[in-house]
Amino acid sequence: MEEMITGSEILIRSLADNGADCMFGYPGGQIMPVYDKIYNNLYGVRHYLARHEQGAIHAAEGYARATGKTGVVVTTSGPGAMNLLTGLADALMDSTPIVAISGQVGCSMLGKDAFQESDVISSVLPVTKWALQVRRAEDIAPAISRAFFIANSGRPGPVVIDLARDAQIGTAAYEKQEAPFIRSYDSDPEPEEGAIEEAARLLNAAERPLVLAGHGIMISGAEKALAELVEKAGLPVGCTMLGLSGIPSDHPQYVGMLGMHGNLGPNINTNRADVILAVGMRFDDRVTGDVRKYAPDAKIIHIDIDASEFDKMIKCDLHVHSDAKKALEALLPLAERKDRKAWRASFDKHRKIEEERVMARELACNAPDGKMLMGGVVRKVCEAFGNDAIVVTDVGQNQMFAVKYSRFNKSRSLISSGGLGTMGYGLPAAIGAKIGEPERPVVLFCGDGGLQMTIEELGMIMEYGVDVKIVLLNNNFLGNVRQWQHLFFSGRYSSTPMVNPDFRMLAGAYGIGAADVADASQLDAAIGEMKAHKGAFLLNVNIDETDMVFPMTPGGNGVDEILLNESEYYKPV
């Protein structure tokens, strides 16, 4: 006779059988039967107690982004489940695979406004790939198997399994599930016949081609195929923010980051290109600027596994509905070997101007009063770790400076909230990244605003000894909003100045090493101290509040209508 076990034990066994080695969560009344089994440390699935459910799901996101595996988060019903909504929306927009498990009241109480009951499924449907309420123990294993398949196939994203108490305490025999088949879900589409050949024809005939590489490069494992293609065909390649580290920063064909605060070369030459190959990116408005002015002379080829992205923002000439790796590997033998040196050199001309007019000041790091500039701090920290760290950012100026001034040697080295732009993402995501990749250094760049949104997760660092290096770029402002207020609202700094706590003392209260850096003369020694410190460390850096991120394409401008500073537009020759 088959052994009958509770639904709660089936859940944990199913997680293990689907490759989960850890979960992040917070207990409560309607998930207590599951936590009773977690107490037994069953099947090697470790549990990390967050201090807030939002922190738990961002940690699961950081884990997923660093490892490529599916992140798992567990919460109770009602407020516990509702506190996941921001993280679910964030994971959906950034294609991050998450399986979220929420407790739910017993079946007899559903729909009766029981204590801590909420309609989880209706609430999460707009921000998930799939959601299901499970009411019987025997349905848990198939649901978990399907959840993992949906979360981390095709275009990855979050799924939610809402577990009624009856399912948790009921019993059933456990049967390991085979990989599910979902008739209506094609997770690995083949490109249409002739699409790859037409893409090759357009690229081979191009005089000024440009590759736009997005997050899909890393999701599909297409890094090698991308590098081989751009080397063979002499194709310049720019990256979206989430595409950064998909090709090394020092690769000879890499020309910089795209978008509102991207580099001059790829933004200017987007509107001079005659063919654009966009791979695993969605033409976000921060990349395109005014779509009416975008790439007017280019034939655009769009490779994406999500057909709903085709023509959503930019009308393209050729759609290749496919996994990025599969498409690039098919394209590689058809691409002609070319050098295109003159076209590639045009990007360097813009890069040198940007280095002289914008970056030199930032990299000097000194403001007149001894305060520091974010770009210089970021570059020094990354170089101290040999440009091998996983760089995690929060959202705001700290994010833009971190992504622009970091250098990346390895793939999956940047973790940031892109589409949703979630302040408070950075600290828990860095914790999850370090738990997922314990052998790699993890450096978090954050601002004083974003850090304080999830600062309670210092408790997770304290409890589990997570070695995250935190660089607090502290300007006592909500810096990004301040920049817009300065440029576009006559310097009326409404609700952006911040009165902050003593962050060094706060870190000390959690047993975390810390140092204050008051002026640039102290920075190098403090970075050395942080790197040498065994365990987590918070470096509180005194940043000039007037520091602003440039270049900048203001909202409503074309992608090549770029501010070099607060009053001067770039006029390329």
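Residues numbered from 1 in each chain as written. Predicted model: local features only at pLDDT ≥ 70, side-chain atom pairs only at ≥ 80, totals over all residues. Heavy atoms only, no water.

Chemist: Can you tell me about the packing of helix H16 (residues 374-384) against helix H23 (residues 523-532), naming the residues and giving the values?
Modeler: Running from amino to carboxyl end, H16 crosses H23 at an angle of 40 degrees, the nearest separation of the two axes being 10 Å. The angle between the axes of H16 and H23 places the two elements in the oblique class. Classified by chirality, the crossing of H23 by H16 is right-handed. Residues Val377, Lys380, Val381 and Ala384 of H16 form the contact with H23, whose participating residues are Leu523, Asp524, Ile527, Met530 and Lys531. Each residue belonging to the contact of H16 with H23 can be placed in one class, and the counts come to 6 nonpolar, no polar and 3 charged. (Axes fitted to C-alpha atoms, helices over the stretch in contact; angles between N-to-C directions. Helix = DSSP H or I, 4+ residues; strand = E, 2+ residues; numbered from the N terminus. Parallel < 35°, antiparallel > 145°, perpendicular 65-115°, else oblique. Left-handed = near helix turned anticlockwise from the far one by under 90°. Contact = heavy atoms within 4.5 Å. Nonpolar A, V, L, I, M, F, W, Y, C, P; charged D, E, K, R; others polar.)

Chemist: Tell me about the pattern of salt bridges, and name the residues and values.
Modeler: Taken as a whole and judged by the stated rule, the model has 28 salt bridges. A salt bridge links Glu228 to Lys224, with the nearest nitrogen and oxygen atoms 2.6 Å apart. You can see Glu228 and its partner Lys224 sitting in helix H11 (residues 223-233), 4 residues apart, about one turn around the helix. Residues joined by salt bridges that share partners form a network here, namely Arg155, Asp306, Glu309 and Lys312. (Salt bridge = Lys/Arg side-chain N within 4 Å of Asp/Glu carboxyl O.)

Chemist: Can you break down unusual backbone geometry residue by residue, with the values?
Modeler: Outside of glycine, negative phi angles account for most residues, and trans bonds account for most peptide bonds. In the segment running from Phe550 into Pro551, the intervening peptide bond is cis, with an omega of 0 degrees. Its identity is not glycine, yet Asn387 carries a phi of approximately 55 degrees, on the positive side. Of note, Asn387 is situated in the loop between H16 and strand S15 (390-393). Looking at Asn387, the relative accessible area reads 19%, which means it is buried. (Buried < 20%, exposed > 50% of the residue type's maximum accessible area, 1.4 Å probe, protein only.)

Chemist: Account for H23, naming residues and giving values.
Modeler: Three or four residues apart is the spacing at which side chains of an α-helix point the same way, because the helix has 3.6 residues per turn. Buried within H23 we find Leu523, Ala526, Ile527 and Met530. For H23, the angular spread of buried residues about the axis comes to 100 degrees, placing them on one side. Facing away from the buried side of H23, by more than 90 degrees, are the exposed residues Asp524, Ala525 and Ala532. Packing partners of the buried residues in H23 comprise H16, strand S18 (468-474), strand S19 (513-517) and strand S20 (537-542). (Arc of directions from axis to C-beta.)

Chemist: Quick rundown of helix H5 (residues 85-93)? Include the residues and the values.
Modeler: Residues of H5 that are buried include every one of Gly87, Leu88, Ala89, Asp90 and Ala91, and no others. The elements touched by buried residues of H5 are helix H3 (53-67), strand S5 (98-104), helix H6 (120-124) and strand S7 (158-164). Looking one or two residues past H5, Ser95 carries a phi angle of roughly 55 degrees, positive in sign.

Chemist: Give me the lowdown on the packing of H3 against H5, citing residues and values where you can.
Modeler: With their axes 8 Å apart at the nearest point, H3 and H5 run at an angle of 20 degrees to one another. Classified by the angle between their axes, H3 and H5 sit roughly parallel to one another. Once H3 is placed against H5, the crossing between them reads as right-handed. The segment H3 lies against H5, with Gln54, Ile57, His58 and Glu61 engaging Thr86, Gly87, Leu88, Asp90 and Ala91. Here the contact of H3 with H5 is built from residues that sort into 3 nonpolar, 4 polar and 2 charged.

Chemist: Give a detailed account of the nonpolar core, specifying residues and quantitative values.
Modeler: In summary, soluble globular proteins display a tendency toward joint burial of nonpolar side chains. Core analysis: the largest hydrophobic core is formed by 83 residues, its most contacted members being Val377 and Phe445. Residue contributions to this core peak at 6 residues, all from helix H9 (residues 195-205). Apart from the residues lying within four places of it in its own chain, the contact partners of Val377 are Cys365, Met372, Val471, Leu473, Leu523, Val541 and Ile543. Formed by 52 residues, the second largest nonpolar core is a distinct cluster that contains Leu84, Leu444, Ala507 and Ile512. (Core = buried A, V, L, I, M, F, W, Y, C linked by side-chain atoms within 4.5 Å.)

Chemist: Give a detailed account of the pairing of S20, specifying residues and quantitative values.
Modeler: Burial analysis of S20 places 5 of its 6 residues in the buried class, which makes it a mostly covered element. Pairing of S18 with S20 involves 6 bridges; the strand directions are parallel. Directly across from Leu472, in S20, lies its bridge partner Asn540. The pairing of S19 with S20 spans 5 bridges and is parallel. Along S20, the bridge assignment pairs Val517 with Val541. (Pairing = 2+ DSSP bridges.)

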